[in-house]
Amino acid sequence: VPVVDTGTSFGDVPPWRVPGWQRKDQFGVSYVAAGLFATVECAEWFPNSGGVEALQTFADEQVWGSTGLVGLAASCEHWNVQPVDKALREPVTSDLPVLLVSGEIDLNTRWEWGEQATKTLENGTHVIIPYATHSTIGVKCAGQIMSDFLLVDGDMSAVDTSCTEELTQPAW
């Protein structure tokens, strides 16, 4: 993982201490995945984002959002990774069984993107988990669907997804 000079745009604050870089697992335990996250984002996402100014404008227009990615984008010039080949941004095509699972209220990865992704996956199935956010695996129903998909070698006709119809809106 590249070493980032602390004299970058973050001043004397190491990048992994910038808000948005600290990650927590499903149990609330902190871990640092900033190096891998920044490498992927700076190689794949930022080169196609329109630049730091465009991202800041977009962030300023959000009612509920985070400016953490704007800080990440600003650091990419110091991260020293090459953008991935544009061909890698083409839609994936496959005839293999693929299960895509989306949270209905995910602010990070909209469920509509799952719908779009399945268009080029001949045997793709998209399951939307009602009332779920970004971490659908934490929803028992979603975890069961994913497990069953693997246990039956991707035969969706053998996977019961009816649990999605039984989920109720959380009290929050």
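Located above this text is the structure these notes cover.
Residues numbered from 1 in each chain as written. Predicted model: local features only at pLDDT ≥ 70, side-chain atom pairs only at ≥ 80, totals over all residues. Heavy atoms only, no water.

Our next topic: the state of the cysteines. All chains considered together, the criterion is met by two disulfides. There is a disulfide in this structure between Cys-42 and Cys-76, and the S-S distance comes to 2.1 Å. Torsion about the S-S bond of the Cys-42 and Cys-76 cystine: about -85°, corresponding to left-handed handedness. Here the residue Cys-42 occupies a position in helix 1 (residues 34-45), and Cys-76 occupies one in helix 3 (residues 68-79), the gap between them amounting to 34 residues. Through a disulfide, Cys-141 is tied to Cys-163; the S-S separation comes to 2.0 Å. With the S-S bond torsion at 75°, the cross-link from Cys-141 to Cys-163 turns out right-handed. Here Cys-141 is found in helix 5 (residues 140-151), whereas its partner Cys-163 is found in helix 6 (residues 163-166), with 22 residues between them in sequence. (Disulfide = S-S within 2.5 Å. Helix = DSSP H or I, 4+ residues; strand = E, 2+ residues; numbered from the N terminus.)

With eight bridges joining them, strand 3 (residues 94-103) and strand 4 (residues 121-129) adopt parallel strand pairing. Paired with Ser-102 across the strands is Ile-128, a residue of strand 4. Taken together, strand 3, helix 4 (residues 111-118) and strand 4 form a β-α-β motif whose crossover is right-handed. (Pairing = 2+ DSSP bridges. Right-handed = clockwise from strand over helix to strand, strands pointing away.)

Here Ser-102 shows up in strand 3. Looking at Ser-102, the relative accessible area reads 8%, which means it is buried. At 2.6 Å, the side chain of Ser-102 forms a polar contact with the side chain of His-126. Excluding residues that lie within four positions of it along the chain, Ser-102 makes contacts with Trp-111, Gly-114, His-126, Val-127, Ile-128, Ile-129 and Thr-136. (Buried < 20%, exposed > 50% of the residue type's maximum accessible area, 1.4 Å probe, protein only. Polar contact = N/O pair within 3.5 Å; in protein donor to acceptor, adjacent residues only side chain to side chain. Contact = heavy atoms within 4.5 Å.)

For the rest of this paragraph, the subject is unusual backbone geometry. Phi is positive for Asn-80, which is not a glycine, with a value near 65°. For Asn-80, the location among the structural elements is in the loop between helix 3 and strand 3. Positive phi values are uncommon outside glycine, yet Tyr-131 reaches one of about 65°. Topologically, Tyr-131 is positioned in the loop between strand 4 and helix 5.

Below, the discussion takes up helix 5. Think of an α-helix as turning once every 3.6 residues; residues three or four places apart then point the same way. The terminal C-alpha atoms of helix 5, which comprises twelve residues, lie 16 Å apart, in line with the 16 Å expected from a rise of 1.5 Å per residue. Inspection of helix 5 places Cys-141, Ala-142, Gly-143, Ile-145, Asp-148 and Phe-149 among the buried residues, and these make up the whole buried set. In this structure, the buried side of helix 5 is in contact with strand 3, strand 4 and helix 6. The positive-phi residue at the C-terminal boundary of helix 5 is Asp-153, with phi of around 55°. (Expected span 1.5 Å × (residues − 1).)

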